[in-house]
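Structural characterization, general
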Amino acid sequence: MPRRPEPPATPAQVHAGVDHALGLLASSVCIMSAAHDRSRAAAVVRWAMRCAREPALVCVAVRKGHGVEPLIRDSRCFALNMVDRADRLALRTFEREHAVREDPFDALEVCALATGSPVLARAAAALDCEVVRHFDLEEADHELYVGRVLHA
């Protein structure tokens, strides 16, 4: 059951939270999550990086054909959850593809920030993003999503 959204933060708090979360990006494993209507999905992503400071942008590579893609496309939003490399439960849960009717978040505590994308309570930090660009790399096995960080 999702927790209630956090109370609105001041712009200074949001900026400080974003900077802190972006600082953890390089040392964490990232789980990209999205929701649309009543569906939720997530994927462990191998490549995520900051790509602009103002506005704060992140670029994430997602394997083509993963179940999280249609949700990102339809909602135009995603969350980037940064988890510890030793968090076996989160990694095992999101490394495999899930059946359409199976909700991978059922056994995990989640909340939502600005976009409504699922944010793992166990994450060290999370970035809540709005998609500003999507690149389908024709001959590659991954696609790129660029998200503007709305909240962290």
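In every chain, residue numbers begin from 1 and rise along the written sequence. The model is predicted, so local features are restricted to residues of pLDDT at least 70 and side-chain atom pairs to those at 80 or more, both for listing and for counting; the totals for chains, interfaces and linings are taken over all residues. Hydrogens and water molecules were not included; the side-chain quantities draw on all heavy atoms of the structure.

Details of the overall build of the protein
To qualify as a helix, a DSSP run of H or I must reach at least 4 residues; to qualify as a strand, a run of E must reach at least 2; elements of each kind are numbered from the N terminus. When you go through the protein residue by residue, the secondary structure sums to three helices and nine strands. Going from the N terminus to the C terminus, the protein shows its helices and strands as α-β-β-β-β-α-β-α-β-β-β-β. Residues counted as buried form 46% of the 152 residues belonging to the protein. In what follows, residue pairs with any heavy atoms lying within 4.5 Å of each other are defined as contacts. Across the protein, contacts joining residues at least 24 apart in sequence account for 67% of those joining residues at least 6 apart. Note on areas: these come from Shrake-Rupley sampling with a 1.4 Å probe, and a residue is covered only by the protein chains present in the view. Of the accessible surface of the protein, which amounts to about 8600 Å², a share of 52% is contributed by carbon and sulfur atoms. Burial classification: accessible surface area is computed with a 1.4 Å probe over protein chains only, and a residue below 20% of its type maximum counts as buried, one above 50% as exposed, and the rest as partly exposed.

Notes on the environment of Leu127
Its place among the elements puts Leu127 in strand S8 (residues 125–136). Between the C-alpha atom of Leu127 and that of Gly147, which follows or precedes it by 20 residues, the distance is 9.4 Å. Beyond its immediate stretch of four places on either side in the chain, Leu127 contacts Val18, Ala21, Leu22, Val58, Phe78, Ala79, Leu80, Met82, Val149, His151 and Ala152.

Observations concerning the pattern of salt bridges
One side-chain nitrogen of Lys or Arg within 4 Å of one carboxyl oxygen of Asp or Glu is enough to make a salt bridge. For the structure on display, the rule yields six salt bridges. Its salt-bridge partner being Glu95, residue Arg46 comes within 3.3 Å of it at the nearest N-O pair. Here the residue Arg46 occupies a position in the loop between strand S2 (39–45) and strand S3 (47–52), and Glu95 occupies one in helix H3 (residues 88–95), the gap between them amounting to 49 residues.

Overview of the nonpolar core
Buried residues of nine kinds, namely Ala, Val, Leu, Ile, Met, Phe, Trp, Tyr and Cys, make up a nonpolar core once their side-chain atoms join them within 4.5 Å. In terms of nonpolar packing, the biggest core is built from 25 residues, with Met32, Val58, Val60, Ile72, Phe78, Leu80 and Leu127 touching the most fellow members. At the level of elements, helix H1 (11–24), strand S1 (29–36), S2, strand S4 (57–63), helix H2 (68–75), strand S5 (77–83), S8 and strand S9 (142–151) are the ones that each hand at least two residues to this core. In terms of residue count, S8 provides more of this core than any other element does, four residues in total. Beyond its immediate sequence surroundings of up to four residues, Phe78 is in contact with Met32, Ser33, Val58, Val60, Ile72, Ser117, Leu127, Asp128, Cys129, Val131, Tyr145 and Gly147. Listed in part, the 13 residues of the second largest apolar core include Val83, Leu91, Phe105 and Val110.

Description of the packing of aromatic side chains
Here is the rule: rings of Phe, Tyr and Trp (six-membered ring for Trp) pair when centre to centre is within 6.5 Å. Planes less than 30 degrees apart are stacked, more than 60 are edge-to-face, and the remainder are tilted. The tally for this structure, following the rule as stated, stands at one aromatic pair. With 5.1 Å between their ring centres and 45° between their planes, Phe94 and Phe105 make a pair best called tilted. Note that Phe94 is positioned in helix H3 and Phe105 in the loop between H3 and strand S6 (110–112), a separation of eleven residues in sequence. On the basis of relative accessible area, Phe105 is assigned to the buried category, the value being 1%.

A closer look at the side chain of Glu69
Checked against the element boundaries, Glu69 lands in helix H2. The charged side chain of Glu69 is buried without a salt bridge, its nearest counter-charge being Arg73 at 7.2 Å. If sequence neighbours within four positions are ignored, Glu69 has contacts with Val62, Arg63, Lys64, Glu143 and Tyr145. Only four residue types enter the tally: Lys and Arg on the positive side, Asp and Glu on the negative side, with His and both chain ends excluded.

Some points on H2
Spacing of three or four residues puts side chains on the same side of an α-helix, whose turn is 3.6 residues. Three or more residues of H2 are buried, namely Val68, Glu69, Leu71, Ile72 and Ser75. The buried residues of H2 occupy an angular sector of 165° when projected down its axis, which confines them to one face. Tucked into the core, H2 has its buried residues touching S1, S2, S4, S5, S8 and S9. Positive backbone phi, at 60°, marks Arg76, one or two positions downstream of H2. Read the arc as the range of directions from the helix axis to the C-beta atoms.

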